[in-house]
Amino acid sequence: MSANCDIAFTLNAVKRELTVPAGMSTLEMLRERLGLTGTKYGCGEGECGACTVIVDGATVNACLMFAADCDGRELMTIEGVAVSEAGERLRDAFVANGAVQCGFCTPGLVVQATHFIAQHPDADEAAIRRGIEGNLCRCTGYRKIIDAIAAAVHASSQGGEHGRG
Amino acid sequence: MGIERYRTPRSLEEAAEILRAGNVTVLAGGTDLMPQTQSGKVRFQPVLMNVRRVPELQGIAEDGGVVRIGALATITELLESKLVRERLNLLWQACDHFASDQIRNAATIGGNVCNASPAGDTLVPLLALDARVVLAAKPNGALETRRVPLGEFIVGPGRTCRASGELLVAVEVPRPPAGFAGEFYKHGTRPGLDIAAISIAAGARRDGAVLRDVRVAFGAVAPTVIRAPRTEAVLEGRSPDAAALAAAARMALEEVQPISDVRATDWYRRELVHNMLKRVLTHVCQL
Amino acid sequence: MGAGDKPVAGETLIGKRIPKMDAPDKASGKTRYLHDLEVPGTLHAKILRSSEVHARIVSIDTSAAKRLPGVHAVITAADVPWQRPIGVAKDHLPLKTDRVRSLRDEVAAVAADSEAIAEAALKLIRVDYAPLPVVTSAEQALAPGAPLIHPEPHGADASPHLKSPGAPVAFAGKPDNVAMVFDYAQGDVVQGEAESDLVIEDVFRLHYVTHCCMGVSGVIAEFDPSGNLLLYSNTQVPFLHKREFAELLGIDPGRIRIIQPPIGGGFGSKLDIYPFEPIAIFLAKITRRPVKLVFTREEEFVASPTRQPVLLKLRSGCRKDGTLTFRTVETVHDNGAYTSWGATTPFVMMQTVSSLYRVPHCKYHTRAIYTNNPYAGSFRGYGNLQATFAVEAHMDRLAEALGMDGLAFRLKNAQAPGEITPQGMHFRSCGFKECLATAAERSDFVRKQAENRARWKDPAAVKRGVGIASMLHVGGGAKIYPSDGCGTILKLDDFAHVTLITGASEIGQGSETVLSQLVCEELGLPLSAVTVINNDTDITPWDVGVHASRTTFIAGNSAIGAARKAKTKLLAAAATKTGLAEDALDLRAGCIVRKASGERLFELGKFLRGLHFSDRAELVMTSFYYEPPSKHQDKLFKGDVSAAYAWATQVCEVEVDTQTGIVRLLKVTGAHDVGRVLNRLGIEGQIEGGIVMGQGYAMTEDLMVEGGVVRNPNFRDYKLVTAPEIPEMDVSFIETMDGEGPQGAKGVGEAPAICIAAAVANAIYNATGTRITALPFTPENVYRALHGAAELPVWSAA
């Protein structure tokens, strides 16, 4: 038996209102209540980054965040990031650089990388490696993920119009 | 799940009032609370109180030689704070070795302190820097605060002397003396996403040829994070030559009580304490 | 017609960097994995696992669980008396009857309206256990008077009401805890030893690691009103599993359909049937609702098959001129409580022992022993990592004893194209020596090896080392099933769009992209013209499955065969229409052209419409089944089991901090004989991913099993490699153009993971003078080895 909380928040730029059990995680809310399956369950403990979302402009593990704590905040998931200019640029870079294999870790990485690049527009290899240290990947060995992020850093520093390809 | 009410106080008064009524679980960043309640290690009290909107818990500022860090300051905010980087560099280094970006963005210093892990990354430098916690409560209708040195606040593994009606409001850290330099070392193969097998925060200032204001603290080698006063005494007022460092490393072994667990054996932790204290002190003396 | 049009230039796709076709959706979060699927009316299932490592089940009381609102079914073995055993040795009943043999054992299961209710119901199930003595090592299991893990035929010691009359006893029990034995010999090792000037012996200990696919295990089972079964499964062997599930349920395999949603990683973990799948099927049958069962991450660690842990004794020798004479290997495999593919890793291990470098005499012996530990399954490399770790340690030791550098010694014994090994493997294409030479040259191996060795006595705490190791693996399938083939159906529509229907599954390695590439190469079409269907057993033709690095080779040849048939049909029709000879025509850039000049004759779509909407009324649809020309091994394990073989050499450069034991993998220089590079982007990704998986096996991953209990079932304490830790990687491709391979290519899926640990071991030796013969090289393990405080592997099995 768990108390319910009425929450109002912005999700991918759209206002939402919802009633959630106090103990529910943001990850569960997104996947089970809102049908947004792009954010993945990888471990439920904040160790793998597969559930990375953006809250008030900073990335967090949705599995560690209480859904009730979304109240009054701005959330962005992979579904929102993927249709943003920065997210599309990053997606194109991931695709072109071979950074996707099974793809399960990819949404979390795209969200994390989008935020990271916005914070560190001049990031070098070492900074990029640190920037994604909280995202586990079992398929790629990270090499092409780092290359893709570096390519996106380079593209975004060239200016928006030339940012693709 | 057991939560009957969810509260979001908007002031310290309101929060303290809720705490006074009892049976409250405090929620800040959630990065410790969520896994602990999911695993059953911690059980929710009937009231879950989210303190994120309490303004008195925010902010990082310096006043009269003391840096006051609000309980809700996230590790990322500490990393991005020029004040913390310049004044409390030892703490800043630990923040750079703390988990991952996603966790740093949500984890709060208040949560880290109240969680009182024997391996707590921020706790080791805070202890070395003589930090104290500021606690607030309304035991008799009026808001009262008290200050407790961190070493006294943490009483056991995962345990503090915070009374159930008290809220951690801030951590206050006196500026170290001019010329103080320190290094934080965390053992692991990764920069951050490791629970430390051991961690060390050590620092001092040079006074001519000798060391003064020597601080040495350890994590993950005792039931709580610890200062090593006897080790400090070995170095205080002494020139940091090879013999001094060797003596300090030997003394440190007497002050730590590591256990064997899934991360390391006690034997190995002792080897690391010995070898890495010498290495950290060597670096500090070169700074 | 195209008179006056510019001639069409064909541009090959082979060797290019081609992005994966499914990457855009995956990078947008659009791809729906099994976990994301919503089937209307689904119930959620959870499994109650044993709380004892070894015990008799005295009683199970499910009454309270059944009464919980939202619970639709609670089952135990008593509810499914018709269940059949699963697994390689059929020693594994999905729901345990009279006893539990390991901590993961499935005792009961619940189907409920939600996961939360199912989990709450589990807590209400009362199980009464009578503990039995726990066997936690093979040594213990082999000791006289040891408790028996499978003492009797299954069912024989169960209560009468659990036996169905006349049911065959599937598994007879093992009176001595020995699950399987493997023996292989070539030549005469006694003679080989007599001919040796140098003989060495070591014991190696290879540890437990686990797959850690980022997507946890799960399944959705649904019966239709007629009793036909639909499974959403991430199996890597859908057609084999279709047959096995049919046997399990006692129904016609034709009534089972398997749909494979996109997978969150495989690496060999999904080649066997594990209890959770039949259990979900049982619940679906009993509740008549779709049932979805998904693991938690902790469950994934506790209940998944591991890589096979091995205790290995290797004795090998050579002459003073450096030629190898013999290798004798004995291993003890901890089989765990039930038998999965791990027990069969000797198939692969004996190939490495007998044929990695030229060795005339060889003897190999494995005993797989039952214990109460987790069981091992198939995992990328399939025993080859373990065998190579030992073999390459000895190559290093022998070279050193002779005073030869590690490269020269290996080159001397490396095979050349055309050789047939005593085991019968025919190395038609073989780039072994080129791999050795390339990796060594690019890494400056010989010079660095000498330089580092000269620094052993240096007082510096941090030392550098380089180590070299090679690997041999099948690269053209592995004929271990009755067929090693793959079927393709191909159709072209009215607009020259191709639908490629292949039996080969995509497990993230990019098979659908490579197959499309091969088809487009034949048909002169852009990749955008292809749709691949590969995930529905009702639609796709048979393929044995994704394993043994076979998919590019076998499915590739199958796709090429179907495409060539289509091409023949098109060019024959065009020849008829133009009066030109067929071999004067070609398909290029979406057109039918004159081969010599490139002159455009027909736009392909228009031509196809012409074929379709005419008196001929013909569609272009073809099919092809490719069976590789390999052979089954005979009873002595001899035979040319693959259509091609692949090699790789890797040089690892490390930095060892002798005061902490921390080893940093600085650089991996690898040279891979891949036959031919098809998708350069894809193959690089496979190699890089394999290298890092090898790095994890060698240095960071350790599934700590103590007393039958997994002590670290989480990512916090089971360390996967993270981005800051990866080495610099320099990868070269040796293109030996295999005659049988599609466009000359050979398989690489497993290769890059196989010899990293061996090379790192040799590198640590080169840095410190200490040879460590047990994995993993975690800081504490390395530190102990450097300071004489390690627990050395001891050959103690009776």
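Computed from a prediction, not measured in an experiment: that's the story for all the values here.

Draft legend 1. Fine view of the overall build of chain B. A count of helices and strands for chain B gives 12 helices and 14 strands. Overall, chain B is about 60 × 45 × 35 Å in size when its C-alpha atoms are taken along their principal axes. In chain B, buried positions account for 56% of the 287 residues. The long-range share in chain B, meaning contacts at least 24 apart out of those at least 6 apart in sequence, stands at 66%.

Draft legend 2. Region of interest: the interface of chain C and chain B. Listed by partner, the interface residues are 15 residues for chain C and 16 residues for chain B. At 3 residues, helix H20 (residues 779-786) of chain C tops the list of elements feeding residues into the side of chain C that touches chain B.

Draft legend 3. Quick peek at helix H5 (residues 89-96) of chain B. Residues and elements named next belong to chain B. Burial runs high along H5: 7 of the 8 residues are buried. Within H5, burial applies to Asn 89, Leu 90, Leu 91, Trp 92, Gln 93, Ala 94 and Cys 95. The inward-facing, buried residues of H5 contact helix H3 (75-80), helix H4 (82-87), helix H8 (123-128), strand E11 (181-186) and strand E12 (199-207).

Draft legend 4. Examining the interface of chain C and chain A more closely. Taken together, the contacts link 45 residues of chain C with 40 residues of chain A. The set of elements that each furnish at least two residues to the side of chain C that touches chain A consists of helix H1 (23-27) and helix H17 (680-700) of chain C. It is H17(C) that provides the largest number of residues to the side of chain C that touches chain A, a total of 8 residues. Residues belonging to the side of chain C that touches chain A are distributed by class as follows: 20 nonpolar, 16 polar and 9 charged.

Draft legend 5. The arrangement of the nonpolar core in detail. Grouped together as the largest cluster of nonpolar side chains are 418 residues, with contacts concentrated most on B:Phe218, C:Ala280, C:Leu283, C:Val519, C:Ile592, C:Val760 and C:Ile764. In terms of residues, this core owes the most to one element, helix H15 (residues 551-578) of chain C, which gives 12 residues. Aside from chain neighbours lying at most four places away, what touches C:Ile592 is C:Leu570, C:Ala574, C:Leu585, C:Leu587, C:Leu601, C:Phe602, C:Leu604 and C:Phe607.

Draft legend 6. Local environment of the environment of C:Ala596. Relative to the helices and strands, C:Ala596 resides in the loop between strand E21 (591-594) and strand E22 (600-603). Each C-alpha atom, one on C:Ala596 and one on C:Gln351, is 47 Å from the other, the two residues being 245 residues apart in sequence.

Draft legend 7. Spotlight on H15(C). Between the first and last C-alpha of H15(C) there are 39 Å, a value that for 28 residues agrees with the 40 Å anticipated at 1.5 Å per step. C:Gly579 lies just past H15(C) and shows a positive phi near 80°.

Draft legend 8. Highlighting the sheet that holds E22(C). Residues and elements named next belong to chain C. Taken together, 3 strands build an open sheet; the order of strands is E20-E21-E22 and the sheet is antiparallel. Each edge of the open sheet is held by one strand with a lone partner, namely strand E20 (585-588) and E22. On average, adjacent strands in this sheet sit at an angle of 30° to one another, irrespective of strand direction. Two strands pair when backbone bridges link them, and E21 and E22 are joined in this way by 3 bridges, in the antiparallel orientation. Within E22, the residue paired with Ile 592 across the bridge is Phe 602. Strand contacts of helix H16 (residues 604-612): E21 and E22, with the helix running at about 60° to E22, the strand carrying the most contacts.

Draft legend 9. Layout of the pairing of strand E5 (residues 66-70) of chain B. Residue and element names in this part refer to chain B. Sheet analysis places strand E4 (residues 60-63) next to E5, joined by 4 bridges and oriented antiparallel. The partner of Asp 63 across the bridge, within E5, is Val 66. Hairpin connection, E4 to E5: the antiparallel pair is bridged by 2 residues, and Gly 64 has positive phi, about 60°. The pairing of E5 with strand E10 (residues 167-174) spans 5 bridges and is antiparallel.

Draft legend 10. Highlighting the domain arrangement of chain A. Residues and elements named next belong to chain A. By the assigned domains, chain A splits into domain 1 (4-77) and domain 2 (82-157). On a C-alpha basis, the centres of domain 1 and domain 2 stand 22 Å from each other. Taken together, the 12 residues of domain 1 in the interface contact 10 residues of domain 2. At the level of elements, strand E3 (52-55) and strand E4 (58-61) are the ones that each hand at least two residues to the side of domain 1 that touches domain 2. For the side of domain 1 that touches domain 2, a count of residues per class yields 6 nonpolar, 5 polar and 1 charged.

Draft legend 11. The environment of C:Thr722, seen in detail. Considering the arrangement of structural elements, one finds C:Thr722 in the loop between strand E27 (709-710) and strand E28 (728-734). Between the C-alpha atoms of C:Thr722 and C:Gly418, which are 304 residues apart in sequence, the distance is 42 Å. Those residues in contact with C:Thr722 that sit more than four places away from it in its chain are A:Glu133, A:Leu136, B:Arg190 and B:Leu193.

Draft legend 12. Representation of the packing of H17(C) against helix H19 (residues 756-768) of chain C within the structure. Residue and element names in this part refer to chain C. The N-to-C vectors of H17 and H19 enclose an angle of 55°; their axes lie 8 Å apart at closest approach. On the basis of their axis angle, the class for H17 and H19 is oblique. Crossing hand, H17 versus H19: right-handed. Where H17 abuts H19, its residues Ile 691, Gly 694, Gln 695, Tyr 697, Ala 698 and Met 699 lie against Ile 756, Ala 757 and Val 760. Split by residue class, the contact of H17 with H19 holds 7 nonpolar, 2 polar and no charged.

Draft legend 13. Expanded view of the confidence of the model for chain A. Confidence in the prediction for chain A averages 94 pLDDT; 95% of positions are at 70 or higher. Contacts for the low-pLDDT stretch residues 161-165 of chain A, under 50 throughout, to residues beyond four places or in other chains number 7 contacts.

Draft legend 14. Examining the domain arrangement of chain B more closely. All names here are of chain B. Assigned domains of chain B: these are domain 1 (5-50), domain 2 (55-174) and domain 3 (182-286). Between the C-alpha centres of domain 1 and domain 2 there is a distance of 18 Å. Contact residues are listed per partner, giving 14 residues for domain 1 and 21 residues for domain 2. By residue number, the principal contributor to the side of domain 1 that touches domain 2 is helix H1 (residues 12-21), which donates 7 residues. Its residues assigned to classes, the side of domain 1 that touches domain 2 comprises 6 nonpolar, 4 polar and 4 charged.

Draft legend 15. Up close: unusual backbone geometry. For the bond running from C:Leu775 to C:Pro776, omega is -5°, close enough to zero to count as cis. In this structure, C:Pro776 sits in the loop between H19 and H20. Within the chain, A:Asp56 stands out as a residue other than glycine whose phi angle is a positive 45°. Summarising the element assignment, A:Asp56 is placed in the loop between E3 and E4. For C:Phe637, which is not glycine, the phi dihedral falls at a positive 65°.

Draft legend 16. Looking closely at the packing of helix H11 (residues 406-413) of chain C against helix H12 (residues 432-443) of chain C. All names here are of chain C. Where H11 contacts H12, the two axes come as close as 9 Å, and the packing angle between them is 170°. One way to sum up the angle between H11 and H12 is to call them roughly antiparallel. Seen from H11, the contacting residues are Leu 407, Arg 410 and Leu 411; seen from H12, they are Lys 433, Leu 436 and Ala 440. Classifying every residue of the contact of H11 with H12 gives 4 nonpolar, no polar and 2 charged.

Draft legend 17. Spotlight on the confidence of the model for chain B. When pLDDT is averaged along chain B, the result is 96; 100% of the residues meet or exceed 70. Across the assembled chains, the prediction reports ipTM 0.97 with pTM 0.97.

Parameters at a glance
- Residues numbered from 1 in each chain as written.
- Chains lettered and ligands numbered in written order.
- Predicted model: local features only at pLDDT ≥ 70, side-chain atom pairs only at ≥ 80, totals over all residues.
- Helix = DSSP H or I, 4+ residues; strand = E, 2+ residues; numbered from the N terminus.
- Buried ≥ 20, exposed ≤ 12 C-beta atoms within 10 Å, placed from the backbone.
- Contact = placed C-beta atoms within 7 Å.
- Nonpolar A, V, L, I, M, F, W, Y, C, P; charged D, E, K, R; others polar.
- Core = buried A, V, L, I, M, F, W, Y, C linked by C-beta atoms within 7 Å.
- Expected span 1.5 Å × (residues − 1).
- Pairing = 2+ DSSP bridges.
- Axes fitted to C-alpha atoms, helices over the stretch in contact; angles between N-to-C directions.
- Domains from an automatic or database assignment.
- Parallel < 35°, antiparallel > 145°, perpendicular 65-115°, else oblique.
- Left-handed = near helix turned anticlockwise from the far one by under 90°.
- pLDDT = per-residue confidence, 0-100.

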